[in-house]
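# A look at the structure
For reference, the chains in residue letters:
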Amino acid sequence: MQFFFNSNCKKVMGSSLFVVGEIGGNDYGYPLSETTALADLFTYIPQVVSVITSAIRELVDLGAVTLMVPGSLPLGCNPVYLTRFATIDAEEYDQAGCLKWLNMFYGYHNELLQIELNRLRVLYPLTNIIYADYFNAAMQFYNSPQQFGKSILLAFYFIPTSMACK
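What this report covers is the structure whose coordinates are included nearby. (Residues numbered from 1 in each chain as written. Predicted model: local features only at pLDDT ≥ 70, side-chain atom pairs only at ≥ 80, totals over all residues. Heavy atoms only, no water.)

Relative to the helices and strands, Arg57 is located in helix α4 (residues 45-61). When the C-alpha atoms of Arg57 and Leu120 are compared, they prove to be 8.0 Å apart, with 63 residues separating the residues in sequence. Residue contacts for Arg57: discarding those within four places in its chain leaves Leu120, Leu123 and Tyr124. (Helix = DSSP H or I, 4+ residues; strand = E, 2+ residues; numbered from the N terminus. Contact = heavy atoms within 4.5 Å.)

What follows is the structure, encoded as structure tokens:
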């Protein structure tokens with residue numbers, strides 16, 4: 001793809017912010033619709049993270065200097081997954097009403113992604129690779145909804161129905 005870029009394009013890329021993601025939603029969503037075997041799901045994480053890092057390398061090679069890479073949201077709090085994997089076992093939920101095992105899965109994705117981003121930072125020291133921690137930012141809404149107001153919370157598609165109705 002390098003041959004399509006002239007020096008002006010490289011200059012524009014060098015002065016632009018690239019948002020690389022959120023990647024993985026469909027890659028994880030389909031297997032989640034087929035299985036609840038957590039071990040099976042974990043096998044996808046290195047592959048998805050590898051695609052993200054490959055995209056970053058390609059952009060940097062084309063001249064990108066500033067990239068923001070969002071982590072996954074805590075989809076264990078998503079009403080679709082809360083409904084799909086509903087259980088009467090209270091131990092399966094955290095204090096916010098989110099599925100622990102599913103948030104653990106997305107937390108691991110984010111952990112592995114950050115490890116790989118740190119490796120890329122070493123390889124490309126003149127590049128700004130920014131990790132956007134969507135997971136922990138969103139968890140603030142779930143853990144302390146009273147701080148944000150219910151009207152704001154209802155605007156987010158990923159707020160558990162149990163919290164919105166309190």
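Right, let's talk about the pairing of strand β2 (residues 66-70) for a bit. Two strands pair when backbone bridges link them, and strand β1 (residues 17-19) and β2 are joined in this way by 3 bridges, in the parallel orientation. Counterpart to Phe18 in the pairing with β2 is Leu67. Where β2 lies against strand β3 (residues 128-132), 5 bridges are found, and the strand directions are parallel. Across the sheet, the residue bridging to Thr66 is Asn128, located in β3. (Pairing = 2+ DSSP bridges.)

To continue, consider the packing of α4 against helix α6 (residues 100-123). The geometry of α4 relative to α6 is characterised by a closest axis approach of 10 Å and an angle of 35° between their N-to-C directions. For the element pair α4 and α6, the recorded crossing hand is right-handed. Along its contact with α4, which presents Ile45, Pro46, Val48, Val49, Ile52, Thr53, Ile56 and Arg57, the element α6 presents Phe105, Tyr108, His109, Leu112, Leu113, Glu116, Leu117, Leu120 and Leu123. Considering only residue class, the contact of α4 with α6 consists of 13 nonpolar, 2 polar and 2 charged. (Axes fitted to C-alpha atoms, helices over the stretch in contact; angles between N-to-C directions. Left-handed = near helix turned anticlockwise from the far one by under 90°. Nonpolar A, V, L, I, M, F, W, Y, C, P; charged D, E, K, R; others polar.)

Strand pairing in a sheet is mediated by backbone hydrogen bonds. Such pairs are either parallel or antiparallel. One open sheet holds the 3 strands; their spatial order is β1-β2-β3, and the pairing between them is parallel. The sheet is open, and its two edges are formed by β1 and β3, each paired on a single side. On average, each strand axis in the sheet is inclined to that of its neighbour by 20°, with strand direction left out of account. Of the strands in this sheet, β2 and β3 touch α6, which is tilted by about 170° from β3.

Let us now look at the packing of aromatic side chains. This model, assessed by the stated rule, comprises 7 aromatic pairs. Both rings, one in Phe85 and one in Trp101, keep their centres 5.0 Å apart while their planes meet at 80°; by these two values the pair is edge-to-face. Here Phe85 is found in the loop between α5 (79-84) and α6, whereas its partner Trp101 is found in helix α6, with 16 residues between them in sequence. Exposure remark for Phe85: the relative accessible area of 9% places this residue in the buried category. (Phe/Tyr/Trp six-rings, centres within 6.5 Å; stacked < 30°, edge-to-face > 60°. Buried < 20%, exposed > 50% of the residue type's maximum accessible area, 1.4 Å probe, protein only.)

Let's shift gears to the pattern of salt bridges. Applying the stated criterion across every chain, the model contains 1 salt bridge. Close ionic contact of Glu116 with Arg119 constitutes a salt bridge, the shortest N to O distance being 2.5 Å. With Glu116 and Arg119 both in helix α6 and 3 residues apart, the pair spans about one turn of that helix. For Glu116, a relative accessible area of 17% translates into the label buried. (Salt bridge = Lys/Arg side-chain N within 4 Å of Asp/Glu carboxyl O.)

This structure, assessed with the given rule, holds 1 disulfide. Residue pairing for Cys77: its cysteine sulfur links by disulfide to Cys98, the two sulfurs lying 1.9 Å apart. Taking the sign of the S-S torsion, 105° for the link of Cys77 and Cys98, the bridge is right-handed. On the criterion of sequence distance, the pair formed by Cys77 in the loop between β2 and α5 and Cys98 in the loop between α5 and α6 is long-range, its members being 21 residues apart. (Disulfide = S-S within 2.5 Å.)

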